[in-house]
Amino acid sequence: MEFLSSLIDINYTFFKIFGYQMSFIEFFGTITGLISVWLATKANIHTWTIGILNVIAFFIIYYQIQLYSDMFLQVFFFGTSALGIWQWLKKKPINNDKKVSILKPKSQIIISLSIILLTLILGYLIARIHIYFPAYFHNPASFPFPDALTTVLSIFATFLMAYKRIECWILWILVDIISIILYFQKGVLFISLEYIIFLLMATSGLFQWLKSIRYAQRISLR
């Protein structure tokens, strides 16, 4: 039991790299995250099973470093991973006919205002969570509003991606930039490095989808 407690402790040194003390839970969480994304590019169903291991590890990490909004976000990702396994096991043909598109200005404004409002509400609640539930949250949240912002952005980005709206990549880019700074500030440098990789992937995704829209526009003009 003591050994298991050490493995999930963010302060337990698994190994050192360039003087950085790597904990097992940070190493495990980051590696499973990268593997899950790589498997997703291969349309391999294990992207979801490895993804579940990743969200469990990150749930534990975020609790310990007081990024409580990100912690609760893992519950959402756990649900989407379970749904992904169920959908893929059904072996229903995936509808790839839906074209990449851009939100109408009205929708962009509504989503932007919703993100701001929900971030303020969630940030306020997370900032006081140690007061509401002192038995479970012994320490105040770190960076409650930036943390809340990444959570809200991630949820909107997930749904926009499902509907192939190009704005999803802009939201993911914002999530990645904020996360890199947050995790660096909290001293989990390996996870911060992972989000640099995610930032590069999100930027690539944005350009690829923009290219797809331009191609569709050229075809429609012929």
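Residues take numbers from 1 onward in each chain, read along the sequence in its written order. Local features are withheld for residues below a pLDDT of 70 in this predicted model, meaning they are given only at 70 or higher, and side-chain atom pairs are given and counted only at 80 or more; totals for whole chains, interfaces and linings count all residues. Derived side-chain values reflect all non-hydrogen atoms in the structure, with water molecules and hydrogen atoms excluded from consideration.

1. Thoughts on the overall build of the protein
The secondary structure content of the protein amounts to nine helices and two strands. In DSSP terms, a helix is any run of H or I states spanning at least four residues, a strand is any run of E spanning at least two, and both are numbered starting from the N terminus. Traced from its N-terminal end to its C-terminal end, the protein shows the element sequence α-β-β-α-α-α-α-α-α-α-α. In terms of overall dimensions, the protein has a C-alpha envelope of 65 × 35 × 35 Å along the principal axes. Exposure classes here rest on a 1.4 Å probe applied to the protein chains alone. A residue is buried below 20% of its type maximum, exposed above 50%, and partly exposed in between. For the protein, with 222 residues in total, the buried portion stands at 37%. Within the protein, contacts between residues at least 6 apart in sequence are counted, and of these 67% link residues at least 24 apart. Areas reported here follow the Shrake-Rupley algorithm with a probe of radius 1.4 Å; residue values treat only the protein chains shown as occluding. When the accessible area of the protein is evaluated, it comes to approximately 13,400 Å², of which 71% is carbon and sulfur surface. Counted charges follow a simple rule, with Lys and Arg positive, Asp and Glu negative, and His plus the chain ends left uncounted. Working definition for charges: the position is that of NZ of Lys, CZ of Arg, CG of Asp or CD of Glu. Between the mean site of the 17 positive side-chain charges and the mean site of the 9 negative ones, the protein shows a separation of 19 Å. Residue contacts are counted whenever heavy atoms from the two residues lie within 4.5 Å of one another.

2. Focus: the confidence of the model for the protein
On a scale of 0 to 100, pLDDT captures the predictor's confidence in every residue. Overall, the predicted model of the protein reaches an average pLDDT of 88, with 91% of residues at or above 70. Within the protein, helix H1 (residues 2–7) has the poorest average pLDDT of any element, 74, and helix H5 (residues 105–127) the best, 97.

3. Quick notes on unusual backbone geometry
Its identity as a non-glycine residue notwithstanding, Gln66 has a phi of 65°, on the positive side. By the secondary structure assignment, Gln66 is in the loop between helix H3 (46–64) and helix H4 (68–89). Note on Gln66: relative accessible area 13%, which makes it buried. For Phe143, which is not glycine, the phi torsion reads 50° and is therefore positive. For Phe143, a relative accessible area of 36% corresponds to the partly exposed category.

4. Focus: helix H7 (residues 144–162)
Here, expected helix span is obtained from the residue count minus one, scaled by 1.5 Å. Helix length check: H7 (19 residues) gives 27 Å between terminal C-alpha atoms against 27 Å at 1.5 Å per residue, within 8%. Regarding H7, the residues found buried are Pro144, Asp147, Ala148, Thr150, Thr151, Val152, Leu153, Ser154, Phe156, Ala157 and Leu160. Structurally, H7 contributes buried residues whose contacts are with H4, H5 and helix H8 (167–185). Of the residues flanking the end of H7, it is Lys164, one or two places downstream, whose phi is positive at about 55°.

5. Details of H4
Across its 22 residues, H4 extends 32 Å between first and last C-alpha, which sits within 8% of the 32 Å expected from 1.5 Å per residue. The complete set of buried residues in H4 reads Tyr68, Ser69, Asp70, Met71, Leu73, Gln74, Ser81, Gly84 and Ile85. In the core, the buried residues of H4 are packed alongside H3, H5, helix H6 (129–132), H7 and H8.

6. A look at the nonpolar core
Note on terminology: a nonpolar core comprises buried Ala, Val, Leu, Ile, Met, Phe, Trp, Tyr and Cys residues joined through side-chain atoms within 4.5 Å. Core analysis: the biggest nonpolar cluster contains 44 residues, and Ile61, Tyr62, Tyr183 and Tyr195 have the highest contact counts within it. Contributing elements (two or more residues each) for this core: strand E2 (20–22), H3, H4, H5, H7, H8 and helix H9 (189–221). When residues of this core are assigned to their parent elements, the largest contribution, nine residues, is made by H8.

7. Some points on the packing of aromatic side chains
Pairing of aromatic side chains here covers Phe, Tyr and the six-membered ring of Trp, requires ring centres within 6.5 Å, and sorts the geometry by plane angle: under 30 degrees stacked, over 60 edge-to-face, intermediate tilted. Taken as a whole, this structure holds 14 aromatic pairs when the rule is applied. Where Phe72 meets Phe137, the ring centres are 6.2 Å apart and the plane angle is 55°; that geometry is what we call tilted. Remark: Phe137 occurs in the loop between H6 and H7 and Phe72 occurs in helix H4; sequence separation between them is 65 residues. The class for Phe137 is buried, based on a relative accessible area of 8%. Three or more aromatic residues joined by ring pairs form one cluster here, namely Phe58, Tyr62, Tyr183, Tyr195 and Phe198.

8. So, the side chain of Gln74
Mapping Gln74 onto the fold places it in helix H4. We call two N or O atoms a polar contact when they sit within 3.5 Å, provided that within protein one can donate a hydrogen and the other can accept it, with sequence-adjacent residues counted only if both atoms are side-chain atoms. A polar contact of 3.1 Å, which involves the side chain of Gln74, links it to the backbone oxygen of Asp70. Once you skip the residues sitting within four places of it in the chain, Gln74 turns out to touch Val55, Phe58, Phe59 and Tyr62.

9. Looking at the environment of Ile126
Turning to its location among the elements, Ile126 is positioned in helix H5. On the basis of relative accessibility, which here comes to 3%, the residue Ile126 falls in the buried class. For the pair Ile126 and Lys90, spaced 36 residues apart in sequence, the C-alpha to C-alpha distance is 38 Å. In contact with Ile126, other than residues within four places in its own chain, are Tyr68, Ser69, Phe72, Ala141 and Pro144.

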